[in-house]
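The primary structure of each chain is shown beneath.
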Amino acid sequence: MLYNQTEFYIQDNWKVTNRLTLDYGMRFVHQQPQYDQFGQESNFFPDKWKASDAQVLYIAGCSNGATVCTGNLRNAMDPRTGKILTAVGAANTQAAIGRRFPARAIR
């Protein structure tokens, strides 16, 4: 995060009497808003978010319909439809679990 800041301070004192001295000062600051020089910062605006625009990730599913499975029976599954992802020539599709759907499958 970067920002530019300019400031200065003015101070003075004035001896009014032998028993009273005024010592005063004032600080002036001009600070610009911070910004991300690499453009890597992001924000979440709840009022602009729509569930229909959210990314969908493959979840773990069992190709035999069981609740719990291991080995080649564990595959990537579409959480919206429950359909198991298949890949020609592959024993299973575990590598796709946690990855997002291709853009053409979202719309």
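Now for a description of the structure that goes with this document.

Here is what the cut-offs are and how they apply
Residues numbered from 1 in each chain as written. Predicted model: local features only at pLDDT ≥ 70, side-chain atom pairs only at ≥ 80, totals over all residues. Heavy atoms only, no water. Helix = DSSP H or I, 4+ residues; strand = E, 2+ residues; numbered from the N terminus. Rg over C-alpha atoms; globule rule 2.2 N^0.38 Å. Buried < 20%, exposed > 50% of the residue type's maximum accessible area, 1.4 Å probe, protein only. Contact = heavy atoms within 4.5 Å. Areas by Shrake-Rupley, 256 points an atom, 1.4 Å probe, with all protein chains shown as cover. Lys, Arg positive; Asp, Glu negative; His and termini not counted. Charge placed at Lys NZ, Arg CZ, Asp CG, Glu CD. Salt bridge = Lys/Arg side-chain N within 4 Å of Asp/Glu carboxyl O. Disulfide = S-S within 2.5 Å. Pairing = 2+ DSSP bridges. Patch = residues over 30% accessible without salt bridge, like charges linked within 9 Å, V, L, I, M, F, W, Y side chains within 5 Å.

## Observations regarding the overall build of the chain
Consideration 1: Across its full length, the chain carries one helix and four strands.
Consideration 2: Ordered by position from the N terminus, the helices and strands of the chain form the series β-β-β-β-α.
Consideration 3: For the chain, whose C-alpha radius of gyration is 31 Å, the value lies well above the compact-globule estimate of 13 Å for 107 residues.
Consideration 4: In terms of overall dimensions, the chain has a C-alpha envelope of 95 × 30 × 25 Å along the principal axes.
Consideration 5: Put simply, the chain has 107 residues, and 11% of those count as buried.
Consideration 6: When contacts within the chain are restricted to residue pairs at least 6 apart in sequence, long-range pairs at least 24 apart make up 34% of them.
Consideration 7: If you sum the accessible surface of the chain, you get close to 9,300 Å²; carbon and sulfur atoms cover 52% of it.
Consideration 8: Counting 12 positive and 8 negative side-chain charges, the chain places the centres of these two groups 14 Å from one another.

## As for the pattern of salt bridges
Consideration 1: One pass over the structure, following the stated rule, counts three salt bridges.
Consideration 2: The salt bridge partner of Glu-7 is Arg-27, with a shortest N-O separation of 2.9 Å. Within this pair, whereas Glu-7 is found in strand 1 (residues 5-17), its partner Arg-27 is found in strand 2 (residues 20-31), the two being separated by 20 residues in sequence.
Consideration 3: Across the pair Lys-50 and Asp-53 runs a salt bridge, and its minimum N-O distance is 3.6 Å.

## As for the state of the cysteines
Consideration 1: Following the criterion strictly, the structure yields one disulfide and no others.
Consideration 2: Across a sulfur-sulfur distance of 2.1 Å, Cys-62 and Cys-69 are joined as a disulfide pair. The S-S bond linking Cys-62 to Cys-69 shows a torsion near -100°; that makes this disulfide left-handed. As far as the burial class goes, Cys-62 and Cys-69 line up, both buried.

## Let's talk about the environment of Gly-25
Consideration 1: By secondary structure assignment, the location of Gly-25 is in strand 2.
Consideration 2: A relative accessible area of 42% means that Gly-25 is categorised as partly exposed.
Consideration 3: Taking the C-alpha atoms as reference points, Gly-25 and Tyr-9, 16 residues apart in sequence, are found 7.0 Å from one another.
Consideration 4: If near-sequence neighbours (up to four positions away) are discounted, Gly-25 is found in contact with Tyr-9, Ile-10 and Gln-11.

## Describing the pairing of strand 2
Consideration 1: Across 12 bridges, strand 1 lies against strand 2 in antiparallel orientation. When the sheet's bridge partners are listed, Asn-13 is paired in strand 2 with Asp-23.
Consideration 2: Where strand 1 folds back onto strand 2 in an antiparallel hairpin, the turn is made up of two residues.

## Regarding a nonpolar patch on the surface
Consideration 1: A surface patch of nonpolar side chains, amounting to about 470 Å² of accessible area, comprises Trp-14, Val-16, Leu-20, Leu-22 and Tyr-24.
Consideration 2: Contributions of two or more residues to the nonpolar patch are made by strand 1 and strand 2.
Consideration 3: Broken down by element, the residue count for the nonpolar patch peaks at three residues, all from strand 2.
Consideration 4: Within the secondary structure, Val-16 is located in strand 1.
Consideration 5: For Val-16, a relative accessible area of 34% puts it in the partly exposed group.

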